[in-house]
Each structure stands twice: as C-alpha cells, then as structure tokens.
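In case you want the letters, here they are:
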Amino acid sequence: MRFKTTRDNLLTGITTVGRAVAGKSPMPVLGGILIEADEEGLTFTGTNLEFYISCRLTASDIIPGSIVLPARYFSEIIRRLPEGPVSFIADLSSYSAAIRYGRAEASLNGYAAEEFPHLPVLTPRAQFSLRSEVLRDVTRQVLYAVGQDELRPVFTGILLELTEQELRAVATDTHRLALARVDLPGSDINLTNVILPGKALGELGRLLSAAEDEETEVAVADSYATFANGPVRVLTRLIEGQFPDYRQVIPGGYRSRLDQVEPLTLLAAVERASTLAANETPLVVLELKATELTISARSQVGSLIEELPAALDGEALQVAFNAGYLIDALRAAGPAPVSLEFNGPVGPALIRPVAEDNGYLGLVLPVRLA
C-alpha cells in the first residue's frame, strides 16, 4: 500500500474523523483510524460503534490497500510535520506504516483493516436533501436539552420527524424540552419516531459549521441513518424505543405572558444572577409585575436583583428556575425578540420567538419554591 499527499490533507482527514474515534474501548482497534487507498484517492474512517465518520481525501502515486493506525500517535506525528509533501508506505503483512517527509521518516505499528468494524450496508427507506445550514441550526437549537442518563437511552437522543412538508427536531431530558421546526415545501416524505444519538448529531453540527457543500444528503434505514456533505459522511445507529409524545406536555395556552422580550438582555441578567445563585441547584427567581420583570438570586455568597421593563399579559407571578436550564433555552432562541409564557409557579414555561419564520420552542419546568 502506498500513496503521496500533503501534511495539510492528512491533517484534514485526521481532524474530521478523529471526532468519532473511541477514547477508551476494550477493542484497541477502535482507537485507530482506518486508512483506505483506492485508485481514486483515500478514505479515512473513525468509529466508536455508535457512529462513524468518514472523509474522502486526494492523493497520488497510489497502490491500493488498507490499514488501521492508532489515532493518537498518527495525529501527533502529522501535526508536527513541516509543510510539504508526505509519502506513506504500509507493509500489510506486518501492519506497519512508514511516513516519509523530506529526508526523514517516522514509522507506526497498526492493525489489520479486517479487524476494523466496517460501515454497514444500508437499504434506505427514505432519502432526501437538506440545506446544510438548516440542519446545523436545527441541531444546535435542540441539542442542549438532550438527556445524559444512559439508562434511559431514548432521552439521550434527538427525535427527527418529517411530515406534512415540515421537519421537526425534538429533545428532552424530562426537565426541559426543545423543539425546532422548519418548512420543507414540496417534500412528500413521511418519517416518524426516528431517534438519533445526541452525541452523533452534535458532531454532525460541528462538521457542518465548516461544510463547503450547501446541501447535505440524508438517508434513513431501519437501524441507521447517514448524512453526507461533500467528502464527509456521518453514519449513526438509531436509538430503539418510542419517543414520548412531546405534544402532550406543551401547553395550549398561558396564565401569564411577556411579549417582545429581548432574549440577550434577559440572558445577560440571568447569567449575572446565576453567579450568586445557590451552588447545589442554582436557582434564579423571576417576578412578573404589570410593567416590569425582576430577576433575583440569593445565596450565602450574596444576592442580586435586576429589573427589566416588561408589559405583562395575565396574572402577576413569582416563579423559580434552574439557572442553567433557563440560560440554555435563551441562548438557543437567538437574538430576535421572544415571548415568555408561564403557567403558574409549577407549570411549564415556554420561550417562543416572535418571528413566525423561527420555529424554535423552549420549554423549562420551574423549581418549586419552599
């Protein structure tokens, strides 16, 4: 196996697929990057068995073959090379590779490519394309609400629904919920209960931030889904189970509402209050009055009270929130004005952008005050 390329080209591949390489695993090969050379170029692949990331790269003077090299050492060597051409020669009988640059050479011992878990062959039940920026933004708006409890795997995922020419992404950890919705005119695809691991979609969102292609091709099969953008492909296992009916927990009305709230102003106030909130459960208290909104926090360290102008529709109210949950929901809402809807001191609170073309909704459950 042999090829020639550049340091920067190798570094692009390593950085891209390295996001999927398993940090710790009883299978040493999962700590490596699969390098495959064919007549047309190179493919780098990394996986932690939950999801795969692969990347196509250019090369010349190719003799086809494949090998797995330990990602940590391969990455460290390539990062420290001088700029310029690199020759790669692998002995597939001993699973070792020589990396030649200038008049120097580094060698690495690896693994047989046959030991690496190869990407499964998919039979898609639905295929469609999305604008990369739409997919990236939808993912960003809901990712913060993904649960971390591995004993409840459904809540560690993001629900994707594609029905009635609309894409919906939903995440919840049972204490909060985030929903993002975008119109897809002309789509006749019907997909429900497709649950993707939050970690995989988080990495996809980061990759799409630097994506060059405007469109991302999506394919959904019975157990896997793939997202392809230019030379990069992400394949992820779907989470089995039934996602809860999120529609049942979203209130149809409100008891108190603040309209045209500047989210960045409120976010800054809540962040300041959170620095003085109690450490174990950082609580901030919102008090809704006829013409103002008061944000306060108190702990042994000190206290903070801020007043913001506001026009209240409905009942006056005092309600407490986990500061971190409220901060996450406000950040995801973006800079445009939002409405805040409350349903009493223990009912769900909603954050909705005022603009009709912004389909974000953040739901946060209050904390009961003693």
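Residues numbered from 1 in each chain as written. Predicted model: local features only at pLDDT ≥ 70, side-chain atom pairs only at ≥ 80, totals over all residues. Heavy atoms only, no water.

Re the sheet that holds strand 22 (residues 303-309)
So the rule is basically this: Strand pairing requires that DSSP identify at least two bridges connecting the strands. Only DSSP runs of H or I with at least four residues qualify as helices, and only runs of E with at least two residues qualify as strands; both kinds are numbered from the N terminus onward. Lines are fitted to the C-alpha atoms to define the axes, a helix being fitted only along its stretch in contact, and any angle between axes, read from their N-to-C directions, falls within 0 to 180 degrees. Throughout, a contact is declared for two residues whenever any of their heavy atoms are within 4.5 Å.
The strand order 22-21-20-24 describes an open sheet built from four strands, whose pairing is antiparallel. The sheet terminates laterally at strand 22 and strand 24 (317-322), the two strands that pair on one side only. Strand after strand, the sheet turns through a mean of 20° between neighbouring axes, direction not considered. As paired elements, strand 20 (residues 283-288) and strand 21 (residues 292-298) share four bridges and run antiparallel to each other. Bridging across to strand 21, Glu-287 finds its partner in Thr-294. This element, helix 6 (residues 323-333), spans strand 20 and strand 24 of the sheet and lies at about 90° to strand 24.

A word on unusual backbone geometry
Short version of the rule: Three exposure classes are used, based on accessible area relative to the maximum for each residue type with a 1.4 Å probe and protein chains only: buried under 20%, partly exposed in between, and exposed over 50%.
Look at Asn-193: it is not a glycine, yet its phi comes out positive at around 55°. Structurally, Asn-193 is set in strand 15 (residues 191-197). With a relative accessible area of 23%, Asn-193 lands in the partly exposed category.

Overview of the environment of Ala-59
Tracing the sequence through the fold places Ala-59 in the loop between strand 4 (51-57) and strand 5 (60-63). Under the relative-accessibility criterion, Ala-59 is labelled partly exposed at 24%. In sequence terms Ala-59 and Thr-6 are 53 residues apart; their C-alpha atoms lie 8.3 Å from each other. Contacts of Ala-59, omitting those with residues within four sequence positions, involve Phe-3, Lys-4, Thr-5 and Leu-42.

Things to note about the pairing of strand 25 (residues 338-342)
Looking along a regular strand, one sees the side chains alternate between the two faces of the sheet. The element strand 25 is largely enclosed, with a buried count of five among its five residues. Burial along strand 25 is two-sided: Val-338, Leu-340 and Phe-342 and Ser-339 and Glu-341, pointing in opposite directions, are all buried. Judged from the four bridges that link them, strand 19 (residues 256-261) and strand 25 form a sheet pairing that is antiparallel. In the strand pairing of strand 25, Arg-257 is matched with Glu-341. In this sheet, strand 26 (residues 349-353) lies alongside strand 25 in antiparallel orientation, the contact comprising four bridges. Residue pairing in the sheet places Leu-340 in a bridge with Ile-351 of strand 26. Where strand 25 folds back onto strand 26 in an antiparallel hairpin, the turn is made up of six residues, including Gly-344, whose phi is positive at roughly 85°.

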